[in-house]
Amino acid sequence: MTQTDHPVSSGTSRQTASAYAEAGVDVDANDRLIPRYRELAREASRPEQVGGVGAFSGLFDLSAYERPVLAASTDGVGTKVMIASLAGRLEGVGRDLVNHCINDILCAGAAPLFFLDYLAAHKLSEDDKVAVVSGIAAACRESGVALLGGETADMPDLYPSGHFDLAGTIVGVLKRGREVTGERIVPGDVVLGLPSNGLHTNGYSLARSVFGLRPQDGSWAERVSRVERVEPALGESLADALLRQHRSYWPELRNSLELIKGIAHITGGGIAGNLERVLPRGVNARLDSEAWTTAWRVPPIFDLIAQRGSISAAEMYRVLNMGVGMAIVVAAADAASLLSEIPEAAQIGEIESGDSSVSGRVAIMTSDGEIERGIGVP
């Protein structure tokens, strides 16, 4: 949960504290949050934690781990928080944040250990702050992650009233020598994909523009009406489709890491932009979008964004995950084992020889033609 650092000491006069509240920071309200946060953190704890929540730092004992290598990542959920605010559904973005970060360190083969959050806002209610942190705590608890601490900051003037931003840091561990780096990827390996359930946590500035959900697109009430209206093409509201929780792939992949040569979390930059990050020099990846569009149902929100915004396939694939949440590279001989272990997975491409002087390129065959991304490719 979050400890709140207060620049006003306990000896500050009531008059000064009141002046601070008038300036936009309610210290008393923040003090009331701490017990609520502490209770949430107790629900997401691990035995390796040393001490409780509320100190200036969190402590974690690594003595039980053999030759530990730590993996760390910091990220946010972008402007998805603005849609969550419109819909009044704040707990979900806390879950999004944790799962996104878990996936990032999973790409190195790391098991998640502990998480710290940062919530910055202006005039966000106590209950709304607790809703965000409760989502963080719930996602931590579900993945066996300790919620070790964090920070809640009131930021008048920096954020409009009622607006907030959310970020977090995760730390995980793996045994030295078991790092998943992509260095062992060779021609003949295959690419497996796991499905996304929507945009996850990327592309929301584009989505808000397409669907008229930006502040300049009308009054708050008008935008709430748009986001809550059922879209026939979706069979649900935009809020339902756009706020669907970012999946964590830790449960599916945790027992198969020794067979995996490379893992790419498909976030901003799309499938090609993220897969190329794990390809070594001398190999390329060739993917076929028909492989996953027939293997599973791609969320219709992608087609609706493209149609409503008149957005090209190249732009869609560059910005969004297009139905693939995670791509993994394995030896062809291990593919059948992985596919039986992970029923949702499907083979979506293969690794080919490439220019040995550059890092790998990625080409995706789509119904609109080939889309390529790589070093030197716009």
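Above this text you will find the structure in question.
Anyway, here's the lowdown on the structure attached to this text. (Residues numbered from 1 in each chain as written. Predicted model: local features only at pLDDT ≥ 70, side-chain atom pairs only at ≥ 80, totals over all residues. Heavy atoms only, no water.)

Observations concerning the packing of aromatic side chains
And step 1. Under the counting rule described, the total for this entry stands at one aromatic pair.
And step 2. Ring centres 5.0 Å apart and planes at 40° place the aromatic pair Phe-60 and Phe-114 in the tilted group. Residue Phe-60 is found in strand 2 (residues 59–60), and its partner Phe-114 is found in strand 4 (residues 111–121); the two are separated by 54 residues along the sequence. Judged on exposure class, the residue Phe-60 and its partner Phe-114 are both buried. (Phe/Tyr/Trp six-rings, centres within 6.5 Å; stacked < 30°, edge-to-face > 60°. Helix = DSSP H or I, 4+ residues; strand = E, 2+ residues; numbered from the N terminus. Buried < 20%, exposed > 50% of the residue type's maximum accessible area, 1.4 Å probe, protein only.)

Description of the sheet that holds strand 5 (residues 146–154)
And step 1. The strand order 3-6-4-5 describes an open sheet built from four strands, whose pairing is mixed. Every interior strand has two partners, whereas the edge strands, strand 3 (68–76) and strand 5, have only one. Neighbouring strand axes in the sheet, compared pairwise and without regard to direction, differ in orientation by 15° on average.
And step 2. In this structure, strand 4 lies alongside strand 6 (residues 164–175), joined through 10 bridges in antiparallel fashion. Bridging across to strand 6, Ala-120 finds its partner in Asp-165. (Pairing = 2+ DSSP bridges. Axes fitted to C-alpha atoms, helices over the stretch in contact; angles between N-to-C directions.)

Re the packing of helix 3 (residues 80–87) against helix 7 (residues 220–228)
And step 1. As a packed pair, helix 3 and helix 7 sit with axes 9 Å apart at the nearest point and diverge in direction by 95°. One element, helix 3, and the other, helix 7, form an angle in the roughly perpendicular class. Together, Ile-83, Ser-85, Leu-86 and Ala-87 of helix 3 and Trp-220, Arg-223, Val-224, Val-227 and Glu-228 of helix 7 make up the contact between the two elements.
And step 2. Residue composition of the contact of helix 3 with helix 7, by class: six nonpolar, one polar and two charged. (Parallel < 35°, antiparallel > 145°, perpendicular 65-115°, else oblique. Contact = heavy atoms within 4.5 Å. Nonpolar A, V, L, I, M, F, W, Y, C, P; charged D, E, K, R; others polar.)

Re the environment of Ala-44
And step 1. In this fold, Ala-44 is placed in the loop between helix 2 (27–42) and strand 1 (49–50).
And step 2. Along the chain, Ala-44 and Val-210 lie 166 residues apart, while their C-alpha atoms are 38 Å from each other.
And step 3. Once residues within four sequence positions are removed from consideration, Ala-44 is found in contact with Gln-49, Ala-137, Cys-140, Arg-141, Val-145, Ala-146 and Leu-147.

Just distances and angles here, no functional claims.
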